[in-house]
Amino acid sequence: MSIVTLYPHSSLNLLTTHTSAPILICIFPHADFMNLSFAGCGFLGVYHLGVAACLSSHAPQFLKNVTAFAGASAGSLVAAVLATSAPLNKCSDYVIDLTHDARRHPLGPFNPQFDLVGNLRRGLELHLPSNSHRVCSGRLFVSVTSLKDRKNVIISEFDSKEELIQV
């Protein structure tokens, strides 16, 4: 279990967990805008959910001041949850249940009978609001790389909730 602590130091906050090195969060009180980005991290996406929950509980004003959210891979899922104000507790519970389900299979999430992408898609369909594509357009920036030509693109406009989830 990871215990998260937020230490306020005037305009600088230090976020630490008991299982990893400190994460430095600089809060600039007079900034016109702030952006928040989550790196691609694969199965450590649950860590990003923990950071999002910590920010939500201990630095809600920081999140209210974020103009744009960005992410790649698992980081984009957490960025989408924050950008849409989807219920973090329900999303976290879904991911925890998903990990328990994966552990029931030999090889866990790598078992051919376990559909990780399909399960994540169902979780997003269940917990993202119906207008999430409108809320995220121009506010959520998702980094994707085309397998065909290996070019990276940033997608920030979404015509439907389904398209948002597909990205």
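Here the structure is a predicted model, which is why all the values come from computation and not from measurement.

Asker: Teacher, can you tell me more about unusual backbone geometry here?
Answerer: Even without being a glycine, Ser73 presents a positive backbone phi close to 55°. The phi dihedral of Arg150 falls on the positive side, at around 60°, and the residue is not glycine. Among the structural elements, Arg150 can be located in the loop between β6 (140-145) and β7 (152-155).

Asker: Please explain the layout of surface pockets as it appears in this structure.
Answerer: Rolling a probe over the atoms, with the probe sized like a water molecule, indicates the empty space that remains. The volume enclosed by the largest pocket comes to roughly 1,100 Å³. If one sorts the elements of the lining of the largest pocket by residue count, helix α4 (residues 88-103) sits on top with eight residues. For the lining of the largest pocket, the residue count by class is 27 nonpolar, nine polar and two charged.

Asker: Help me out: how do you make sense of the environment of Phe158 in this one?
Answerer: By secondary structure assignment, the location of Phe158 is in the loop between β7 and α7 (161-166). Using a relative accessible area of 4% as the deciding quantity, one classes Phe158 as buried. Along the chain, Phe158 and His133 lie 25 residues apart, while their C-alpha atoms are 5.3 Å from each other. Setting aside chain neighbours within four positions, we find Phe158 in contact with His133, Cys136, Ser137, Leu140, Val142, Glu163, Leu164 and Val167.

Asker: Explain a nonpolar patch on the surface to me, please; I cannot follow it from the model alone.
Answerer: Taken together, the side chains of Phe43, Leu107 and Phe110 present a nonpolar region at the surface, about 410 Å² in accessible area. Positionally, Leu107 belongs in the loop between α4 and α5 (116-127). Classification of Leu107 as exposed rests on a relative accessible area of 67%.

Asker: Can you walk me through the nonpolar core in this structure?
Answerer: Taken as a class, soluble globular proteins show a tendency for nonpolar side chains to be buried jointly. Core analysis: the biggest nonpolar cluster contains 30 residues, and Leu36, Phe62, Phe69, Leu82 and Leu140 have the highest contact counts within it. Among the secondary structure elements, those contributing two or more residues to this core are β4 (34-38), α1 (45-58), α2 (60-64), β5 (66-72), α3 (74-84), α4, β6 and α7. Considering each element in turn, this core owes the most residues, six residues, to α3.

Asker: I would appreciate a short explanation of the pairing of β5 in the present structure.
Answerer: On any regular strand, side chains alternate: one points to one face of the sheet, the next to the other face. Relative to β5, β4 runs parallel, the two sharing five bridges. Its bridge partner being in β5, Ser37 is matched across the sheet by Ala70. As paired strands, β5 and β6 are joined by four bridges and run parallel to one another. Residue pairing for β6: Ala70 is matched across the bridge by Phe141.

Asker: How do you make sense of α3 when you look at a structure like this?
Answerer: Each α-helix winds once per 3.6 residues, and so residues spaced three or four apart point in a common direction. Judged by how many residues are buried, α3 sits mostly within the fold: 10 of 11 residues are covered. Within the sequence span of α3, burial applies to Ala74, Gly75, Ser76, Val78, Ala79, Ala80, Val81, Leu82, Ala83 and Thr84.

Scoring rules and cut-offs
- Residues numbered from 1 in each chain as written.
- Predicted model: local features only at pLDDT ≥ 70, side-chain atom pairs only at ≥ 80, totals over all residues.
- Heavy atoms only, no water.
- Helix = DSSP H or I, 4+ residues; strand = E, 2+ residues; numbered from the N terminus.
- 1 Å grid on protein atoms, 1.4 Å probe; cavity = no way out; pocket = protein on both sides within 12 Å on 5 of 7 lines; lining within 4 Å.
- Points joined across faces, edges and corners; volume = space filled by probe spheres on them.
- Nonpolar A, V, L, I, M, F, W, Y, C, P; charged D, E, K, R; others polar.
- Buried < 20%, exposed > 50% of the residue type's maximum accessible area, 1.4 Å probe, protein only.
- Contact = heavy atoms within 4.5 Å.
- Patch = residues over 30% accessible without salt bridge, like charges linked within 9 Å, V, L, I, M, F, W, Y side chains within 5 Å.
- Areas by Shrake-Rupley, 256 points an atom, 1.4 Å probe, with all protein chains shown as cover.
- Salt bridge = Lys/Arg side-chain N within 4 Å of Asp/Glu carboxyl O.
- Core = buried A, V, L, I, M, F, W, Y, C linked by side-chain atoms within 4.5 Å.
- Pairing = 2+ DSSP bridges.

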